[in-house]
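Report on the structure
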Amino acid sequence: MVAPVLLGIAVLTAQAIIAGARDRLRDDAVNLALTVTGWSLIAVGILGSFLTLIAVVWIPWWIVAFVVMIETVHKYHKSQQYALLWLLAASAEKSMPLVPAIEAFARERGGHFGRRTKRVAELLKSGLSLPDALARCGDVLPPRAVSIIRMGCESGSLPSALQDAVTTVGHYRSVWTSVAGKLIYVIAMLCYGVGILSFVMCCIAPKFGKMFKEFGVVLPGPCRLLINVSNVAANYWYLSVPFWLALTGFIFHATLRHYGWIQWDLPGIGWFLRRLDAANLMDSLAIVARQERPLLDGITGLARSYPRPSIRRRLARAA
């Protein structure tokens, strides 16, 4: 970043030579252009050098800024989904046609989400049902709401199903908002603490052990045990590589799963989330029961449309 600074100084020097000492403040186009160009190059060089220094020294802060930006975009997308779901529920409750409401929403939002919402309206015009149109357009509504909407559409109680979907998604958002921050904090602190402990055990403690040995200091038993463990950790550090790879893979999968970019879960995680799925399934089957329809129809419909493959297989066996 030194080159722009030197080039700016050269431009200002050339401007001073061309204009002359007594005409340096002359207000003509050439003089003004050279002055602005010279100082702009110097400012760009200094700013670039400062940003380069910041990028090298404060890399963790750039990572944090990137994560915050991704989370902001994700929250904005979820808010758009919730707004569309609330609009559908309000329109169905007032017996208003859904297509004009969805088209007005698409015009208001614009952008990529607006185009996908407009595609839903076009599919509804072509004769598709609301659940099928939502399924074809992808991530327009929360997955937990789509299965409830399908149950309501098949049982003939779409307005009440949309209200239930708004309630369910709202409860899920409030629970996840209160838990997610604490969970991320615990995981981050755990990784940070394990990293510091690994560094101390592999790099610091063995050097202290050598220093005490050279001075002939007799250490207590716990200190000797700690130094011996540190020596083993320093000599066989590569044995911890699988642990770090597994931890990195888990965090990477959890991030992609949180943002909805993948829908499959790691082995052993399904049982942890099964309670949330059970609540969603009970809400869906309650809609069928209120309409006095056979539960077999509801279970079969959920086995076709539920977002999680493992739950779909269980529902198919239950049916």
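Below is a short write-up of the structure. The numbering scheme is per chain: residues are counted from 1 as the chain's sequence reads. pLDDT decides what is reported in this predicted model: residues at 70 or higher carry local features, side-chain atom pairs at 80 or more are listed and counted, and totals for whole chains, interfaces and linings draw on all residues regardless. The side-chain numbers reported here are obtained from all heavy atoms of the structure, hydrogens and water having been left aside.

**Remarks on the overall build of the protein**
If you tally the helices and strands in the protein, you get 13 helices and zero strands. Along the chain direction, N to C, the helices and strands of the protein fall in the order α-α-α-α-α-α-α-α-α-α-α-α-α. Only protein chains enter the accessibility calculation, which uses a 1.4 Å probe. A residue is then buried if its area is under 20% of the maximum for its type, exposed if over 50%, and partly exposed in between. In the protein, which comprises 319 residues, the share counted as buried stands at 29%. In the form shown here, the protein has an accessible surface area of approximately 20,600 Å², with 71% of it arising from carbon and sulfur atoms. Strands are runs of DSSP state E lasting at least 2 residues, helices are runs of H or I lasting at least 4, and numbering of each runs from the N terminus. Note that accessible areas follow from Shrake-Rupley with a 1.4 Å probe, and for residues the cover is restricted to the protein chains shown.

**What about helix α4 (residues 98–109)?**
Since the α-helix turns once every 3.6 residues, residues separated by three or four places project in the same direction. Expected span of a helix: the number of residues minus one, times 1.5 Å. With twelve residues, α4 extends 16 Å between its outermost C-alpha atoms, agreeing within 8% with the 16 Å of an ideal straight helix rising 1.5 Å per residue. Every buried residue belonging to α4 is among Leu98, Val99, Ala101, Ile102, Phe105 and Ala106, and all of these are buried. Here the buried residues of α4 occupy an arc of 165° about the axis, which is enough to place them on one side. Among the exposed residues of α4, those pointing more than 90 degrees away from its buried face are Arg107 and Glu108. Count one or two residues on from α4 and you reach glycine 110, which has phi positive near 70°. The arc in question is the one traced by the directions running from the helix axis out to the C-beta atoms.

**A word on unusual backbone geometry**
Residues other than glycine seldom take positive phi values, yet serine 95 does so here, at roughly 60°. Position of serine 95 relative to the elements: it lies in the loop between α3 (59–93) and α4.

**Re the packing of helix α7 (residues 143–155) against helix α12 (residues 295–305)**
It is the contact of α7 with α12, at a shortest axis distance of 10 Å, that shows an interaxial angle of 140°. Taken together, the axes of α7 and α12 are oblique relative to one another. In this structure, α7 crosses over α12, and the sense of that crossing is right-handed. Taking contact as the criterion, the partners of Ser147, Arg150, Met151 and Glu154 in α7 are, on α12, Gly298, Gly301, Leu302, Arg304 and Ser305. Three categories are distinguished: nonpolar for Ala, Val, Leu, Ile, Met, Phe, Trp, Tyr, Cys and Pro, charged for Asp, Glu, Lys and Arg, and polar for the others, with Gly belonging to the last. Among the residues forming the contact of α7 with α12, the class breakdown is two nonpolar, four polar and three charged. Here an axis means a line fitted to C-alpha atoms, over the contact stretch when the element is a helix, while the angle between two N-to-C directions is reported on a 0 to 180 degree scale. What sets the label is the angle itself: under 35 degrees gives roughly parallel, over 145 gives roughly antiparallel, 65 to 115 gives roughly perpendicular, and the rest give oblique. By the definition used in this description, the sense in which the near helix is turned from the far one sets the handedness, with an anticlockwise turn below a right angle giving left-handed and a clockwise turn giving right-handed. We call two residues in contact when some of their heavy atoms are within 4.5 Å.

**Overview of the side chain of glutamine 80**
One can find glutamine 80 in helix α3. What glutamine 80 contacts, discounting residues up to four positions off in sequence, is Phe105, Arg109 and Phe113.

**Thoughts on the environment of leucine 141**
The topology assignment puts leucine 141 in the loop between α6 (130–136) and α7. Those residues in contact with leucine 141 that lie beyond four places of it in its chain are Gln81, Leu84, Leu85, Leu88, Leu134, Val146 and Ile149.

**Quick look at the nonpolar core**
Among buried residues, the Ala, Val, Leu, Ile, Met, Phe, Trp, Tyr and Cys ones that are joined through side-chain atoms within 4.5 Å form a nonpolar core. Among the nonpolar cores identified, the biggest contains 31 residues, and Leu85, Val120, Leu141, Ile149 and Leu162 are the most heavily contacted of them. Looking at this core element by element, the count peaks at six residues for helix α8 (residues 158–214). Counting residues in hydrophobic clusters, the runner-up holds ten residues, among them Leu281, Leu285, Ala303 and Tyr306.

**Focus on the packing of aromatic side chains**
Ring pairs (aromatic) are described by centroid distance and by the angle formed between their planes. Planes of paired rings set the category: under 30 degrees apart is stacked, over 60 is edge-to-face and the rest tilted, where pairs are Phe, Tyr or Trp rings (Trp by its six-membered ring) whose centres lie within 6.5 Å. Taken as a whole and assessed by the stated rule, the structure comprises one aromatic pair. Where phenylalanine 105 meets phenylalanine 113, the ring centres are 6.2 Å apart and the plane angle is 75°; that geometry is what we call edge-to-face. Here phenylalanine 105 matches phenylalanine 113 in class, with each residue buried.

**Some points on the pattern of salt bridges**
Where side chains of opposite charge bring their charged atoms close, a pairing between them can arise. For this document, the term salt bridge refers to a Lys or Arg side-chain nitrogen within 4 Å of an Asp or Glu carboxyl oxygen. Across all of its chains, the model carries four salt bridges by this definition. Glutamate 103 serves as the salt-bridge partner of lysine 125, at 2.5 Å between the closest nitrogen and oxygen. On the criterion of sequence distance, the pair formed by lysine 125 in helix α5 (residues 111–125) and glutamate 103 in helix α4 is long-range, its members being 22 residues apart. Exposure remark for lysine 125: the relative accessible area of 57% places this residue in the exposed category.

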